[in-house]
Amino acid sequence: MHISEMFRLVRGTGHILYVLDVLHRDQVALRIHDGAFSAIDLTARHPRTGELLSTVKFMVQTLAAAGELQRDLQRELTYDGLRAAEARGSRGGRRPAVAAEKTEAVRTAYLEGRSIAALARDHGVSRGAIRTAVADLLPDHTADDPGVPAPELPVVLDMPGKVADFLRSAELEAAERAALDQGVTVRRGQGYTLRVSAVPAVHRGLLTRCQPLDGGQGLPAIPAQRKARREYENRVTALTP
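Not measured: the values here are computed from a predicted model.

Visitor: For this particular structure, what's the right way to read the pattern of salt bridges?
Guide: The full count for this structure, using the stated rule, is 8 salt bridges. Taking the shortest distance from any N to any O, the salt bridge between Arg 168 and Asp 165 comes out at 3.5 Å. Here Arg 168 pairs with Asp 165, and both are found in helix 7 (residues 161–168), just 3 residues apart, close to one helical turn. Overall, Arg 168 belongs to the partly exposed group, its relative accessible area being 38%. Residue classification places Asp 165 among the buried residues on the basis of a relative accessible area of 16%. Between Arg 229 and Glu 233 there is a salt bridge, and its shortest N-O distance comes to 3.4 Å. A residue pair is termed a helical-turn pair when its members lie 3 or 4 positions apart in one helix, as Arg 229 and Glu 233 do in helix 10 (residues 223–237) at 4 residues.

Visitor: It is not clear to me how helix 5 (residues 116–123) should be interpreted in this structure. Could you clarify?
Guide: Side chains of residues three or four places apart in an α-helix project in the same direction, reflecting 3.6 residues per turn. Where helix 5 is concerned, the buried positions are Ile 116, Ala 118, Leu 119 and Ala 120. One or two residues past the end of helix 5 sits Gly 124, with phi positive at roughly 65°.

Visitor: Teacher, can you tell me more about the nonpolar core here?
Guide: If you look at soluble globular proteins, the nonpolar side chains tend to sit buried side by side. With 22 residues, the main nonpolar core has Met 159, Val 163, Leu 167, Leu 194, Leu 206, Cys 210 and Tyr 232 as its most contacted residues. Secondary structure elements with two or more residues in this core: strand 1 (155–160), helix 7, helix 8 (174–181), strand 3 (191–198), helix 9 (200–209) and helix 10. With residues near it in sequence (within four places) discarded, Cys 210 still touches Val 163, Phe 166, Leu 167 and Arg 229. Of all hydrophobic cores here, the second largest spans 12 residues; its members include Val 98, Ala 109, Tyr 110 and Ile 130.

Visitor: Quick question: what am I supposed to make of the confidence of the model for the chain here?
Guide: Atomic detail in the predicted coordinates should be set aside for any region of low pLDDT. Per-chain confidence: the chain averages 76 in pLDDT, with 73% of residues scoring 70 or above. In the model, residues 1–13 has pLDDT below 50 throughout and makes 33 contacts with residues more than four positions away in sequence or in other chains. Per-residue pLDDT stays below 50 along residues 141–146; that stretch engages in 2 contacts with residues further than four places along the chain or on separate chains.

Visitor: What's the story with the sheet that holds strand 2 (residues 184–188) in this structure? I'm lost.
Guide: Through backbone hydrogen bonds, the strands of a sheet pair up, either in parallel or in antiparallel fashion. Taken in spatial order, the 3 strands of this open sheet run 1-3-2, and their pairing is antiparallel. Only two strands of the sheet have a single neighbouring strand rather than two, namely strand 1 and strand 2. Adjacent strand axes in the sheet meet at a mean angle of 30° when their direction is disregarded. Pairing of strand 1 with strand 3 involves 6 bridges; the strand directions are antiparallel. Residue Pro 160 lies in a different strand from strand 3, and its bridge partner there is Thr 193.

Visitor: Would you mind showing me how to read the packing of helix 9 against helix 10 here?
Guide: The relative placement of two packed helices comes down to the angle between their axes together with the axis-to-axis distance. Running from N to C, helix 9 and helix 10 point in directions that differ by 155°, and their axes come no closer than 10 Å. By the angle between their directions, the pair helix 9 and helix 10 is classed as roughly antiparallel. Remark: the crossing between helix 9 and helix 10 carries left-handed chirality. Counted together, His 203, Arg 204, Leu 206 and Leu 207 of helix 9 and Arg 229, Tyr 232, Glu 233 and Val 236 of helix 10 form the full contact between these two elements. The residue inventory of the contact of helix 9 with helix 10, partitioned by class, reads 4 nonpolar, 1 polar and 3 charged.

Visitor: I would appreciate a short explanation of the pairing of strand 2 in the present structure.
Guide: Each regular strand carries side chains that alternate between the two faces of the sheet. Sheet analysis places strand 2 next to strand 3, joined by 5 bridges and oriented antiparallel. Bridging from a neighbouring strand, Arg 188 pairs with Gly 191 of strand 3. Taken together, strand 2 and the strand that follows it, strand 3, pair antiparallel across an intervening segment of 2 residues, in which Gly 189 is found at a positive phi of about 65°.

Visitor: Which parts of the structure should I look at to understand helix 9?
Guide: With 7 of 10 residues buried, helix 9 is to be regarded as a mostly interior element. Of the positions making up helix 9, those classed as buried are Pro 200, Val 202, His 203, Gly 205, Leu 206, Leu 207 and Arg 209. Packed against the buried residues of helix 9 are strand 1, helix 7, helix 8, strand 3 and helix 10.

Visitor: Sorry if this is basic, but what is going on with the side chain of Arg 107 here?
Guide: Here Arg 107 lies in helix 4 (residues 100–111). In this structure Arg 107 comes out as buried when scored by relative accessible area, which is 18%. In this structure the side chain of Arg 107 is engaged in a polar contact, spanning 3.0 Å, whose partner is the backbone oxygen of Ala 133. Dropping the residues within four chain positions of it, Arg 107 is found in contact with Ala 133, Val 134, Asp 136 and Leu 137.

Calculation criteria
- Position labels on residues start from 1 in each chain and follow its written sequence.
- Per-residue local features are limited, in this predicted model, to residues with pLDDT of at least 70; the limit for side-chain atom pairs, both in listing and counting, is 80 or more; totals at the level of whole chains, interfaces and linings are taken over all residues.
- As a rule here, side-chain values come from all non-hydrogen atoms in the structure, and water together with hydrogens is ignored.
- Should a side-chain nitrogen of Lys or Arg be within 4 Å of a carboxyl oxygen of Asp or Glu, the pair is scored as a salt bridge.
- We count a stretch as a helix when DSSP gives it H or I for four or more residues in a row; a strand needs E for two or more, and each element gets its number in order from the N terminus.
- Residue exposure (1.4 Å probe, protein chains only): buried if accessible area is under 20% of the type maximum, exposed if over 50%, otherwise partly exposed.
- For our purposes a nonpolar core is just a set of buried Ala, Val, Leu, Ile, Met, Phe, Trp, Tyr and Cys residues, chained together by side-chain atoms within 4.5 Å.
- Whether two residues are in contact is decided by their heavy atoms, any of which lying within 4.5 Å being enough.
- pLDDT measures how confident the predictor is about each residue, on a scale from 0 to 100.
- At least two DSSP bridges between two strands are needed for those strands to be called paired.
- For every element, the axis is a line fit to its C-alpha atoms; helices are fit only across the contacting stretch, and the angle between N-to-C directions ranges from 0 to 180 degrees.
- Every angle not falling under 35 degrees, over 145, or within 65 to 115 is termed oblique; those three ranges are roughly parallel, roughly antiparallel and roughly perpendicular.
- Rotating anticlockwise by less than a right angle from the far helix to the near helix defines a left-handed crossing, while the corresponding clockwise rotation defines a right-handed one.
- Throughout, the ten residues Ala, Val, Leu, Ile, Met, Phe, Trp, Tyr, Cys and Pro are labelled nonpolar, Asp, Glu, Lys and Arg are labelled charged, and all others, Gly among them, are labelled polar.
- For the purposes of these results, a polar contact is taken to be a pair of N or O atoms within 3.5 Å, where, inside protein, one atom must be able to donate a hydrogen and its partner to accept one; residues adjacent in sequence count only when each atom of the pair is a side-chain atom.

In structure tokens, the structure reads:
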């Protein structure tokens, strides 16, 4: 891991100093091998007092504060970008499978007796997409129709902590926000994953929301964040039959 990336991931200067204390206790040295601070031992201590060298402590605190500032600015820029997109009329979330200009034609054809299966073939979409377009036109007995897909059940997925941190400051639908807030934190070394229980549609929505982690919308593409998003993408994609 690059030293600048490490300080971006650390939550505050107090945390990094605690990490350095743990490394010292376990007799683990942490040195920078390249860049402007190459050959510096971040665990170097005074031979008599045993305290972290003042120069090392100052550098660590400065870099950690800079990393924390960068993370906070990134969240603010993401929020501002989403708000600007909303002001331009762009709505988040997945687009309906049946385009808005075709919805009325689908509804008219259904009222004229065209079957859901036939409409799905005509428009190249799933039966579920057609049912969504004509939901208010369906008779009550369709709930017992064996052709109606069963309601989605919640699925538990582990969301990388970098993805969860980004989504907490993003604009989310109510169901997405609830799933995130109810997630269970699982510590993994210095990081964590968030165990989220939600229906597949909510997981797919959350995956769409964290698309900026791949770069874009004025945000830099940070390798660690991009990797985390793709890990979550692989897990969400595996839910699709």
